[in-house]
Amino acid sequence: MDWGFILERTLSAMIGPEVVVYALAAVGLNVHFGYTGLMNFGQVGFMAAGAYGMGITVFWFGWSFWVGLLFTFVYGAVLALILGLPTLRLRADYLSLVTIAASETIRIVARSRVMKPVTGGAEGIDAFAKPFYDLSPFELGDFYRLGPFKFLGRDVWMLVVGWIVLVAVTLLVSQLMKSPWGRALRAIREDEDAARALGKNAYSYKMQSLMLGGLIGALAGLLQVIQKASVQADTFNPVITFTIWAILIIGGPGRVWSPIVGSMIYWTIIVFVENTLRQLPAGTRTNLESWINLSDFNIGMLRFILVGLGLLLLARYRPQGIFGSREEMALDRR
Amino acid sequence: MLRIRGSARGWRRATALTFLACPAAVGAALMLASPVSAAADGSDTTTSTVADGADAAGLGVVGTIEIVKADGSKSPIAGVVISVVGAGEATTAEDGSFRIPVPAPGDYEVELDVATLPDGVGLKAPDRNPLATTVSQDGDKRVIFPLIEGDTVVTTESSVSARRFFQLTLEGLKLGLYLAMAAIGLSLIFGTTGLVNFAHAELVSFGALMTYFFNFYGLAGVIGFLAPLPGPFGDGVNFIFATILGMLSGGVLGWAMNRWVFRPARHSGVSLLAQMLMTIGGSILLRYVFVYLFTGKFRTYRDYSAQRASTFLGLELTQKDMVAMSVSVVVLLVVGWVLLRTRTGRAMRAVSDNKDLAEASGIDVERVISQVWIFGAALAALSGAFFGFEQVKWDLGFRILLLVFAAVTLGGLGTAFGALVGALIVGVAINLSTLVIDSELKNMVALLVLVVALMVRPQGILGRRERIG
Amino acid sequence: MTAADAVAIRATGVVKTFGGLKAVDVERIVIPKGRITALIGPNGAGKTTFFNLLSGFDKVDSGTIELDGEDITGMPPHRLAAKGMVRTFQLTKVLSKMSTLENLKLGALGQRGENFFVALFRGLWADQEAAIERRADALLERFNLGHMRDEFAGTMSGGQRKLLELARAMMTDPQVIMLDEPMAGVNPALAQSLLEPIKSLRDEGRTVVFVEHNMDVVREIADRVIVMSEGRVIAEGTPEEIRTNRAVVDAYLGTHRGTESDGGGAQ
């Protein structure tokens, strides 16, 4: 077994593109759930909206990348409005029904043949990210090494931009949550009726929160497709939403840095487990494959099994995150 | 307000009866219908799953591209390009035939290049192109692309006929009936516990997978060394019995989920929102355990899989669907009877209606919740078994989850009869929508129904307005 | 009530039904300004529903509600708060995972920093925030909650929660303050510490309306009493007049016999 290789992969994964994209999406979900208590089960829908805001602008309208950047936000905001209008006056669970349904519908519509001229159908859209990579000060095809990390030049550029965006957005959210605006959101999370009785327009605040978190999700979707250099409907699978939920709960909802911490922990575990299993000595691998059906395909499925199990156990035993205090949990259960 | 009294023994008996009555009703109904099914069985091209020693090198996808004229004669079409993603492509010969070799058994996508069809000829089912298919080790896989005269687009416009309308309505009712069985459980679990069970979709998949499993491997397939035994132990059992066994397994899974996961969570004060997250976690866990064990391929049941639709009053329906629809109606009537006439059912409704009041009038709420899980999961499993007619797949349930949500919300979350009404409306609406929109997009209608229902009447058709504050 | 009394709230012909049952059917209720008015009645009399209607948490089927002569029927609660009418809840709604101070600061109306775009720039709201904090600290001292300032509100006892809700409501500087069972769930020994603050509200010229079961409390602090039964007003007057009112006694005894096991609004 090549432990050096496994270690290198794992360390690189700790700061890699996936960490940035998922952490950013989780920052958006943190605004929704962590600070406002909104049950958004369709964060991947906002990511798709952001991705297609770029993709459709370049592919269908034939406009530039920079106009696409604007439309990333337009699509995200419009989706938030559409989802929020019918649900935010109702009980919390209706939002979850509509968001999960909408995110899956977006995927199905985007990959349909009818929409192929607009969205590229199942094959998707590529060749839109060039203006982004043209700005790169790094040689796109070269490998760069910094300490234990090793990345391709194009990924280094994406990571530099991605981490700057991620930290900037996190700080912005942190500032907002310390303001009276953020206080109103947290009050709505704790008790919507109390906030309403004290003169806060809960519906309006929830809509603002849904939009802010949705826009951040759209930005995450944009980063993802820039990194992959293609917009593909099937990458916006509902299970992504729940990976993001798992990440948020690992870190602890309602904490500023939890999306980043959660994302790093999640990807470190996944990459370590997968690479270790794939690197097992041939004999052990064959045995495992015959005993527990551990094929290459199934190693890929393990991460989702872990997400499901993790979500189930965290929601049951540690809804405050793995760093959350027991006191806080006690307050929840009152 | 219901006043329900009863000894513990009475409770147990009622539960057991309810639990047994449903599969028994399915069995009885299927048996009555089985001569029809058996007749169809003759034409069934039953294939065994694994045939040892087949030469993998000789595998391919084959077919004949031909058009059936109005007078019944067939005319082959040459020069049509067919491709198999990841394997290669071929052009049809003079007799319309083609063969594309594939490297290994597995799932493939076969696509017909519509541009190479002659003018005036189109695909009958454009949504089935590309066509997903599975090549087994047994040999060549035959695929069919049914063609019709007239371009597809033109056809769609000109075919808004009465016949098509009724055909779609019929298919909508079929979808609605199957959906209803899945939706009732979801609604009742919500009614009694306040929990939206996102893992309900997996209970539907579980029903299809277990039915498939019993259909192929019988009762003892799980335990390797018993596999060589003859049926019903080693070999598969007939689909009818497999369905009943699938339903029972579903009930057991429902019971277990409540007993070992959600009941302890309720008792230790886990909030409803956290419980909802738990159902999501459970849903993903189960779904990916299914794909781990079952692989991503889709499969078909061993029995009745190659039935052709028969025509009745100008409407087409396969016999198995006819039987399954009748069974669904019977089952739903039984469910209605149980809910309205039996003590168990009345208790379920009473708890859904007002938990505290029900508890105060002496109902053992926990027992009712357990019954609802068993009952709802068994119904979901039956629905899954029927949805599996088209294809049995690991995420079969998740694909219809959106429809179930729309049905339950439209009917009124928490009301069993609302779920039934909602499911029928959603089923018919989705199918009729293909008169105007592409069938690939038809599930969008469910989202539309969901959103409109929430805006116009959030409590649902049969729900009551709730008090706020 | 004398003619000289100004009117704070006037409800006319207010009807609310739930599932065919008339929960509230009030021909006319007038709540005088600057007084403490108690709303009493047996379980299921419709007091809390009426309260919800007044405070905008529920919509009337028909009828009008006026605040200071202005029609406020169907107005959402957050706008009522801006008009100087605030309520508390029978089951206290403290914001558990926020500090006591934050709970109070939330109550202040007209905060510039509650606008999303203003919130982005700290300089635009920092001064106002400091002023709000001073007011909050003063109220915490007045309600004897100073020592809980930085604790999570969820750690408070039942009595402290009631005080917190009262103090938080005071942050809106209300003209009308509506208390839904302010003594419910409070240790009787502490009840007295809640009565004084309520009386002091009246002394500041504010209008107080409260729902209460405990007749001793009503007698001690209420200027006027309105008695409801089965959704209707059956009597009005001073506490002394009500005590001897035959209809009231009947209503209480009559319903008490019938609804012994009924949980009513308690939970």
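The shown structure was predicted, so the numbers you read here are calculated from the model rather than taken from an experiment. All residue numbers refer to position in the chain's written sequence, counted from 1. Lettering for chains starts from A, numbering for ligands starts from 1, and both go in the order in which the items are written. Local features in a predicted model are, by the rule used here, given only for residues with pLDDT of at least 70; side-chain atom pairs are given and counted only at 80 or more, and totals for whole chains, interfaces and linings are based on all residues. Calculated side-chain values reflect all of the structure's heavy atoms, with hydrogen atoms and water omitted.

## Focus on the overall build of chain C
As a reminder of what qualifies: To qualify as a helix, a DSSP run of H or I must reach at least 4 residues; to qualify as a strand, a run of E must reach at least 2; elements of each kind are numbered from the N terminus. What the globule rule says is 2.2 Å times the number of residues to the power 0.38, and the radius of gyration is computed from C-alpha atoms. We call two residues in contact whenever any of their non-hydrogen atoms come within 4.5 Å of each other. Shrake-Rupley sampling with a 1.4 Å probe provides the accessible areas, and residues are treated as covered by the protein chains on show and by no other component. For the purpose of counting charges, residues Lys and Arg are taken to be positive, whereas Asp and Glu are taken to be negative. His and the chain ends are not included. Note that the charge is assigned to NZ on lysines, CZ on arginines, CG on aspartates and CD on glutamates.
The secondary structure content of chain C amounts to 10 helices and 10 strands. In summary, chain C has a C-alpha radius of gyration of 19 Å against a globular reference of 18 Å for 267 residues, a match within 12%. Restricting to contacts in chain C with at least 6 residues of sequence separation, those with at least 24 account for 65%. As displayed, chain C offers around 11,600 Å² of accessible surface, 50% of which is attributable to carbon and sulfur atoms. Counting 32 positive and 36 negative side-chain charges, chain C places the averaged centre of each group 2 Å from the other.

## Description of the sheet that holds strand β5 (residues 70-71) of chain C
Residue and element names in this part refer to chain C. Going by this rule: Here, strands pair whenever DSSP counts at least two bridges between them.
Strand order in the open sheet formed by 4 strands is β2-β1-β4-β5, with antiparallel pairing between adjacent strands. Edge positions in the sheet fall to β2 (21-32) and β5, since each has one partner strand and no second. Examined bridge by bridge, strand β1 (residues 7-18) and strand β4 (residues 62-67) share 5 bridges and lie antiparallel to one another. Paired with R10 across the strands is E66, a residue of β4.

## Structural notes on helix α2 (residues 17-36) of chain A
What sets the pattern is the α-helix's 3.6 residues per turn: residues three or four places apart point alike. All names here are of chain A. Operational definition: By this rule the span expected of a helix is its residue count minus one, scaled by 1.5 Å. Note that bend, as reported per residue, equals the angle between axes fitted to the 7 residues terminating at that residue and the 7 residues originating from it.
Over its 20 residues, α2 extends 28 Å from the first C-alpha to the last, a length consistent with the 28 Å expected when each residue adds 1.5 Å. Roughly 40 degrees is the biggest bend found in α2, and it falls at N30. Just beyond α2, the residue with positive phi is G37, at close to 80 degrees.

## Description of the pattern of salt bridges
Quick note on the threshold: Here, a salt bridge means any Lys or Arg side-chain nitrogen found within 4 Å of an Asp or Glu carboxyl oxygen. Accessible area is worked out with a 1.4 Å probe on protein chains only. A residue is then buried under 20% of its type maximum, exposed over 50%, and partly exposed in between.
Applying the stated criterion across every chain, the model contains 51 salt bridges over all chains. Across the pair E8 of chain A and R145 of chain A runs a salt bridge whose closest N-O atoms are separated by 3.8 Å. Of this pair, E8 of chain A sits in helix α1 (residues 3-15) while R145 of chain A sits in strand β2 (residues 143-146), and the two are 137 residues apart along the sequence. E8 of chain A gets classed as partly exposed once you look at its relative accessible area, which sits at 25%. For K93 of chain C, the salt bridge is made with D191 of chain A, and the minimal N-O distance between the two is 3.6 Å. With K93 of chain C in the loop between β6 (85-87) and α3 (100-107) and D191 of chain A in the loop between α9 (180-190) and α10 (192-197), this pair bridges two chains.

## Section: the packing of helix α8 (residues 153-178) of chain A against α9 of chain A
Residues and elements named next belong to chain A. Filter applied, for reference: To obtain each axis, a line is fitted to C-alpha atoms, and for helices this fit is confined to the stretch in contact; angles are then taken between N-to-C directions over 0 to 180 degrees. Here is the rule for angles: anything less than 35 degrees is roughly parallel, anything more than 145 is roughly antiparallel, 65 through 115 is roughly perpendicular, and the remaining ranges are oblique. Residue type decides the class: Asp, Glu, Lys and Arg count as charged, Ala, Val, Leu, Ile, Met, Phe, Trp, Tyr, Cys and Pro as nonpolar, and the leftover types, Gly among them, as polar.
One way to put it is that α8 packs onto α9 with a least axis distance of 4 Å and a crossing angle of 80 degrees. In terms of their interaxial angle, α8 and α9 are classed as roughly perpendicular. Two secondary-structure elements touch here, α8 through L176, M177 and K178 and α9 through P180, W181, G182, R183, L185 and R186. Here the contact of α8 with α9 is composed, by residue class, of 5 nonpolar, 1 polar and 3 charged.

## Focus: empty space enclosed by the protein
Residues and elements named next belong to chain C. Spelled out, the test is: With a 1 Å grid laid over protein atoms only, a set of points is called a cavity when a 1.4 Å probe fits there but cannot get out and a pocket when it is open yet has protein on both sides within 12 Å along at least five of seven lines; lining residues have an atom within 4 Å of a point. Grid points are joined across faces, edges and corners, and a volume is the space filled by probe spheres set on the points.
Per the counting criterion, the structure on display carries 10 cavities of 30 Å³ or more. Of the pockets and cavities examined, the second largest cavity occupies roughly 70 Å³. As for the second largest cavity, its lining consists of T88, F89, K162, E165, L166, L179, D180, E181, P182, L194 and I198. Looking at the lining of the second largest cavity, the element that brings in the most residues is helix α6 (residues 158-170), giving 3 residues. Of the residues in the lining of the second largest cavity, the class split is 6 nonpolar, 1 polar and 4 charged.

## What to know about the sheet that holds strand β3 (residues 36-40) of chain C
Residue and element names in this part refer to chain C. If you walk across this open sheet you meet the 6 strands as β6-β7-β8-β3-β9-β10, and the pairing is mixed. Strands at the two margins of the open sheet, each flanked by one partner only, are β6 and β10 (232-237). Taking the axes of each pair of neighbouring strands and ignoring which way they run, one obtains an average angle of 15 degrees across the sheet. Sheet topology note: the β3/strand β8 (residues 207-211) ladder contains 4 bridges and is parallel. Within the sheet, the bridge partner assigned to A38 lies in β8 and is F210. Sitting on the sheet, helix α1 (residues 47-54) is in contact with β3, β6, β7 (176-180), β8 and β9 (224-229), with an inclination near 150 degrees to β7. Strands in contact with α6 are β6 and β7; relative to β7, the strand with the most contacts, it is inclined by about 160 degrees.

## What to know about the side chain of E212 of chain C
All names here are of chain C. Using the following cut-off: For the purposes of these results, a polar contact is taken to be a pair of N or O atoms within 3.5 Å, where, inside protein, one atom must be able to donate a hydrogen and its partner to accept one; residues adjacent in sequence count only when each atom of the pair is a side-chain atom.
Mapped onto the secondary structure, E212 falls in the loop between β8 and α8 (215-221). K162 is the oppositely charged side chain nearest to the buried, salt-bridge-free E212, at an N-O distance of 7.7 Å. Polar contacts involving the side chain of E212 include one to the main-chain amide nitrogen of M183, which spans 3.4 Å. With sequence-adjacent residues up to four places away left out, E212 is seen in contact with L39, I40, E181, P182, M183, V217 and V218.

## Here's the deal with the pairing of β2 of chain C
Residue and element names in this part refer to chain C. Relative to β2, β1 runs antiparallel, the two being bridged by 10 bridges. Bridging from a neighbouring strand, V7 pairs with P32 of β2. Linking two consecutive strands that pair antiparallel, namely β1 and β2, is a turn of 2 residues; a positive phi of about 50 degrees is found at G19 within it.

## Quick look at the side chain of E129 of chain C
Tracing the backbone through its elements, the reader meets E129 of chain C in helix α5 (residues 122-142). The exposure class assigned to E129 of chain C is buried, which follows from its relative accessible area of 9%. A distance of 2.8 Å separates a polar atom in the side chain of E129 of chain C from a polar atom in the side chain of R183 of chain A. With near-sequence residues (within four places) excluded, E129 of chain C lies in contact with P180 and R183 of chain A together with K105 and Q111 of chain C.

## With respect to the interface of chain A and chain B
Condition: Summed over both partners, the accessible surface that disappears when two parts come together, traced with a 1.4 Å probe, is what is meant by buried area.
Contacts between chain A and chain B engage 46 residues on the former and 46 residues on the latter. Taking both partners together, chain A and chain B bury about 4,200 Å²; carbon and sulfur atoms supply 75% of that area. If you sort the residues of chain A by the area they bury against chain B, L97, R113 and R316 of chain A come out on top, with a joint share of 15%. Remark: the boundary between chain A and chain B carries 5 residue pairs in polar contact (both at pLDDT 80 or more). Elements with a minimum of two residues in the side of chain A that touches chain B: α4 (65-87), α5 (92-110), α12 (238-251) and α15 (296-317) of chain A. Considering each element in turn, the side of chain A that touches chain B owes the most residues, 13 residues, to α5 of chain A. Residues belonging to the side of chain A that touches chain B are distributed by class as follows: 30 nonpolar, 8 polar and 8 charged.

## Points about the domain arrangement of chain C
Residues and elements named next belong to chain C. Stated precisely, the cut-off is as follows: The start and end points of each domain follow an automatic or database-based domain assignment.
Each assigned domain of chain C is listed with its residue range as follows: domain 1 (7-94 + 174-258) and domain 2 (95-155). A C-alpha centroid distance of 29 Å is found between domain 1 and domain 2. Contact residues are listed per partner, giving 8 residues for domain 1 and 7 residues for domain 2. Carbon and sulfur atoms supply 55% of the area that domain 1 and domain 2 bury against each other, a total of about 490 Å² over both sides. The interface formed by domain 1 and domain 2 contains 1 salt bridge. In this structure, E204 engages R142 in a salt bridge whose closest nitrogen and oxygen atoms are separated by 2.8 Å.

## Some thoughts on a nonpolar patch on the surface
Filter applied, for reference: Patch members must show over 30% relative accessible area and no salt bridge, and they are joined within 9 Å when carrying like charges or within 5 Å when they are nonpolar side chains of Val, Leu, Ile, Met, Phe, Trp or Tyr.
There is a patch of nonpolar side chains on the surface, built from L70, V74, V78, L81, I82 and L85 of chain A together with L448, V452, M455 and V456 of chain B and spanning about 920 Å² of accessible area. Ranked by the residues each element gives to the nonpolar patch, the list is headed by α4 of chain A, at 6 residues. Accessibility expressed as a relative area gives 57% for L448 of chain B, which makes it exposed.

## Details of helix α4 (residues 200-217) of chain B
All names here are of chain B. Helix length check: α4 (18 residues) gives 25 Å between terminal C-alpha atoms against 26 Å at 1.5 Å per residue, within 8%. With 16 of its 18 residues buried, α4 lies for the most part within the structure. Once α4 finishes, G218 follows within two positions and takes phi at roughly 65 degrees, a positive value.

## Thoughts on the environment of G153 of chain A
Note on placement: G153 of chain A falls in helix α8. According to the relative accessible area criterion, G153 of chain A is buried, its value standing at 0%.

## A few points about the nonpolar core
Heads up, the rule is: Throughout this description, the term nonpolar core refers to a set of buried Ala, Val, Leu, Ile, Met, Phe, Trp, Tyr and Cys residues connected via side-chain atoms within 4.5 Å.
Residues F41 and W245 of chain A are the most contacted members of the largest nonpolar core, which totals 274 residues. Those residues in contact with F41 of chain A, other than ones at most four positions away along the chain, are S96, T99, I100, S103, T241, F242 and W245 of chain A together with F198, M276, L277 and I280 of chain B. Counting residues in each nonpolar core, the second largest holds 27 residues, with L53, L54, M75 and M178 of chain C among its members.

## Here we look at the packing of aromatic side chains
Condition: Here is the rule: rings of Phe, Tyr and Trp (six-membered ring for Trp) pair when centre to centre is within 6.5 Å. Planes less than 30 degrees apart are stacked, more than 60 are edge-to-face, and the remainder are tilted. Over a ring means this: the NZ of a Lys or the CZ of an Arg is within 6 Å of the ring centre and within 35 degrees of the ring normal.
What the rule picks out here adds up to 36 aromatic pairs over all chains. Between F386 of chain B and F389 of chain B, the ring centres sit 5.9 Å apart and the planes meet at 15 degrees, which makes this aromatic pair stacked. The same class applies to F386 of chain B as to F389 of chain B, namely buried. Among the aromatic residues, those joined into a cluster by ring pairs are F33, F41, F242 and W245 of chain A together with F198 and F405 of chain B. Its end group placed over the ring of Y203 of chain A, R89 of chain A keeps NZ or CZ at 3.7 Å from the ring centre.

## Digging into the environment of E440 of chain B
By secondary structure assignment, the location of E440 of chain B is in the loop between α12 (416-433) and α13 (444-456). Residues E440 of chain B and D127 of chain B, spaced 313 residues apart in sequence, show a C-alpha to C-alpha distance of 6.2 Å. Residues contacting E440 of chain B, with those up to four places away along its chain left out, are I108, R111, S112, R113 and V114 of chain A. From its side chain, E440 of chain B meets the backbone nitrogen of R113 of chain A in a polar contact 2.9 Å long.

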